[in-house]
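Next come the chains, spelled out residue by residue.
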Amino acid sequence: MAIHNILFASLLICLLIQSSHGATKERLFSDLEKSALEVTATPSRVGEVLAAGIDKLSITWKVSSTATKEPEFKAIKVKLCYAPASQVDRPWRKTENELFKDKSCPHKISSWSYDPAVKTAQSFDYTLERDIPTGTYFVRTYAVDAKDHEVAFGQSTNENKTTNLFSVQAISGRHKSLDIASVCFSVFSVLALFVFFVNEKRKAKIEQSK
């Protein structure tokens, strides 16, 4: 009897866990209220390629007057997302409708609690992280509920993700001083090799004259 109770309890726990996971997996991007947040992202150098670790984005957001799920908003999360051009042949950046599978917005910018009393647009500056890969991006803002589930979003580009995009150049990993040192070492090596051959040729001539 005790064994039966243990088996029944184990089965019940497994079912609850599976049900919980299933609920998470069923959350779809297409079910979120779109354009519920109005978002703009202005680069510090408009029309130019931005440098990771140096350049900034000026991000502004506010809740749209047409948002219907605002009563559910408990927090705001802002993310840096890949534009379609930077997802081609890169499955690790693939867009998925199932939110737990989506890999298009892996870079977290900021998050904070939502205050429904604040109705005006909110702005802040974000310096691109040093580890941001080279690519084309846009900014997306999610509103999440008390269970930390996304319920609405807004983004700095259009639905097809073709407007208001910006490009970022990743840090190469080489420091300028290292490049200078490399050039100096190469020049020194060539000069040393030249001096070596001159000395060897002089020694050969001396040996022949004897």
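Nothing here was measured: the structure is a model prediction, and the numbers come from that model.

Draft legend 1. Main features of the overall build of the protein chain. Looking only at helices and strands, the protein chain has two helices and nine strands in total. Secondary structure elements of the protein chain, listed N to C terminal, follow the sequence α-β-β-β-β-β-β-β-β-β-α. Burial analysis of the protein chain (210 residues in total) assigns 29% to the buried set. Within the protein chain, contacts between residues separated by at least 24 positions form 75% of all contacts whose residues are at least 6 apart in sequence.

Draft legend 2. Spatial organisation of the state of the cysteines. Counted under the stated rule, the structure contains one disulfide. Shown here is the disulfide that connects C81 with C105, its sulfur atoms set 2.1 Å apart. As the torsion about the S-S bond is roughly 105°, the C81-C105 disulfide counts as right-handed. Pair noted here: C81 is in strand β4 (residues 75–82) and C105 is in the loop between β4 and β5 (107–113), with a separation of 24 residues, a long-range link. You'll find C81 and C105 in the same group, each marked buried.

Draft legend 3. Inspection of the packing of aromatic side chains at higher detail. This model, assessed by the stated rule, comprises six aromatic pairs. Relative to Y114, the ring of F73 has its centre 5.7 Å away and its plane inclined at 75°; by these criteria the two rings are edge-to-face. Here F73, found in the loop between β3 (56–63) and β4, pairs with Y114, found in the loop between β5 and β6 (122–127); they are 41 residues apart in sequence, far enough to count as distant. Here F73 falls in the buried class, since its relative accessible area comes to 3%.

Draft legend 4. Structural view of the environment of N158. Mapping N158 onto the fold places it in the loop between β8 (150–155) and β9 (166–169). Sequence separation of N158 and F138 is 20 residues, and the distance between their C-alpha atoms is 9.8 Å. Among the polar contacts listed, one links the side chain of N158 to the backbone nitrogen of K161, at a separation of 2.9 Å.

Procedures and definitions
- Residues numbered from 1 in each chain as written.
- Predicted model: local features only at pLDDT ≥ 70, side-chain atom pairs only at ≥ 80, totals over all residues.
- Heavy atoms only, no water.
- Helix = DSSP H or I, 4+ residues; strand = E, 2+ residues; numbered from the N terminus.
- Buried < 20%, exposed > 50% of the residue type's maximum accessible area, 1.4 Å probe, protein only.
- Contact = heavy atoms within 4.5 Å.
- Disulfide = S-S within 2.5 Å.
- Phe/Tyr/Trp six-rings, centres within 6.5 Å; stacked < 30°, edge-to-face > 60°.
- Polar contact = N/O pair within 3.5 Å; in protein donor to acceptor, adjacent residues only side chain to side chain.

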